[in-house]
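Next come the chains, spelled out residue by residue.
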Amino acid sequence: MNNDIQGRPAHVAAIREKAEAEMRAMGVDEAFIGRLVETFYGRVLEHPDLGAVFDARLSGRWPEHMEKMKSFWSAVTFRSGAYGGKPVQAHTGVQNLTPDLFPKWLSLFAATLDDVAPSPEAKVWFMATAERIAKSLTLSLFYNPALDDPAKKVG
C-alpha cells in the first residue's frame, strides 16, 4: 500500500491536534465558539442593515442556522473537517445581499470579539479568519472578471 495513503489519517490527526493545542493556548474552546456565534448573530439581528437581510433569509430557521454556524466555526477553528456545508451556494441569491454589507459584518464581528474573545491572540486569529471568509464570499458572489479586462479600463 502507498505510504502517502497510509500516512494521510495520521497527517490529518496531527493537524487537528496542533489546532486544538493552539486554540487551548488562546483560551478557545467549544463554549467560546457557542458564545461568539450566539452573541454575534444576536447583534446581527439588531443591526439596521444586516438584520433585515439575515432575517428575511432565515426567518423560522434561526435555531438551525445557529447550530450550523457553531459547527462551521468549530470545524474551521479545530480543523476537524466536520462541516460539510456550501457557504457560497448558501449565500447565492440572498435578497438584498450586497458587497457593502461585508465590511459592516466584519465590523460587527470585531466588536463582538472585543467583548467575548478570551485573549488578544484569539481575537486576532478569529478576525483574520473572518476577513478571509468575507473576502472569499465577496469574490465568489460579486466578482466580475470582465471588470479587470485591461481593454475596458478607463484612463
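Numbering of residues starts from 1 in every chain and runs along the sequence as written. Per-residue local features of the predicted model are confined to residues with pLDDT of at least 70, and side-chain atom pairs are confined, for both listing and counting, to 80 or more; whole-chain, interface and lining totals are unaffected and use all residues. By convention in this description, side-chain values take in all heavy atoms of the structure and omit both hydrogens and water.

**Brief notes about the packing of aromatic side chains**
Then, in step 1: In summary, the pairing rule links any two rings of Phe, Tyr or Trp, Trp by its six-membered ring, whose centres are within 6.5 Å, and it sorts them by plane angle into stacked for under 30 degrees, edge-to-face for over 60 and tilted for everything else. Applying the stated criterion to the full structure yields 12 aromatic pairs.
Then, in step 2: Judged by centre distance (5.5 Å) and plane angle (85°), the rings of Phe40 and Trp105 are edge-to-face. You can see Phe40 sitting in helix H2 (residues 30-46) and its partner Trp105 sitting in helix H6 (residues 101-116), a full 65 residues away along the chain. The residues Phe40 and Trp105 share a single accessibility class, namely buried.
Then, in step 3: Summarising the aromatic geometry, the rings of Tyr41 and Trp62 are spaced 6.2 Å apart at their centres and angled 55° between planes, so their arrangement reads as tilted. Of the two residues, Tyr41 is situated in helix H2 and Trp62 in helix H4 (residues 62-78); the sequence distance between them amounts to 21 residues. Helix and strand definitions follow DSSP, with helices as H or I runs of at least four residues and strands as E runs of at least two, each counted in order from the N terminus. Only protein chains enter the accessibility calculation, which uses a 1.4 Å probe; a residue whose area is less than 20% of its type maximum is buried, one above 50% is exposed, and one in between is partly exposed.

**Topic: the pattern of salt bridges**
Then, in step 1: By convention in these notes, a salt bridge is any Lys or Arg side-chain nitrogen within 4 Å of a carboxyl oxygen on Asp or Glu. In the structure shown here, the tally under the stated rule is six salt bridges.
Then, in step 2: The shortest N-O distance in the salt bridge between Arg43 and Asp115 comes to 2.7 Å. Residue Arg43 is located in helix H2, and its partner Asp115 is located in helix H6; the two are separated by 72 residues in the primary sequence.
Then, in step 3: Residue classification places Arg43 among the partly exposed positions, given a relative accessible area of 25%.
Then, in step 4: Note that Lys123 is salt-bridged to Asp114, the shortest N-O span being 2.2 Å.
Then, in step 5: Of the residues examined, Lys123 reaches a relative accessible area of 26% and is grouped as partly exposed.
Then, in step 6: Asp114 sits in the exposed class, given a relative accessible area of 51%.
Then, in step 7: Via salt bridges that share partners, Glu38, Glu67 and Lys70 belong to a single interconnected network.

**Re the packing of H2 against helix H3 (residues 50-58)**
Then, in step 1: An axis is simply a line fitted to the C-alpha atoms; with a helix, the fit covers only the stretch in contact. Between two such axes, the angle follows the N-to-C directions and lies from 0 to 180 degrees. The interhelical angle for the contact between H2 and H3, taken along N-to-C directions, is 105°, at an axis separation of 6 Å. Compared by their axis directions, H2 and H3 come out roughly perpendicular. Residues Tyr41, Val44 and Leu45 of H2 form the contact with H3, whose own contacting residues are Leu50, Gly51, Phe54 and Asp55.
Then, in step 2: All amino acids are sorted into three groups, where Ala, Val, Leu, Ile, Met, Phe, Trp, Tyr, Cys and Pro are nonpolar, Asp, Glu, Lys and Arg are charged, and the leftover types, Gly among them, are polar. Taken together, the residues that form the contact of H2 with H3 break down as five nonpolar, one polar and one charged. Each angle gets one of four labels, with under 35 degrees taken as roughly parallel, over 145 as roughly antiparallel, 65 to 115 as roughly perpendicular, and the rest as oblique. Here, residues are in contact when the closest pair of their heavy atoms is within 4.5 Å.

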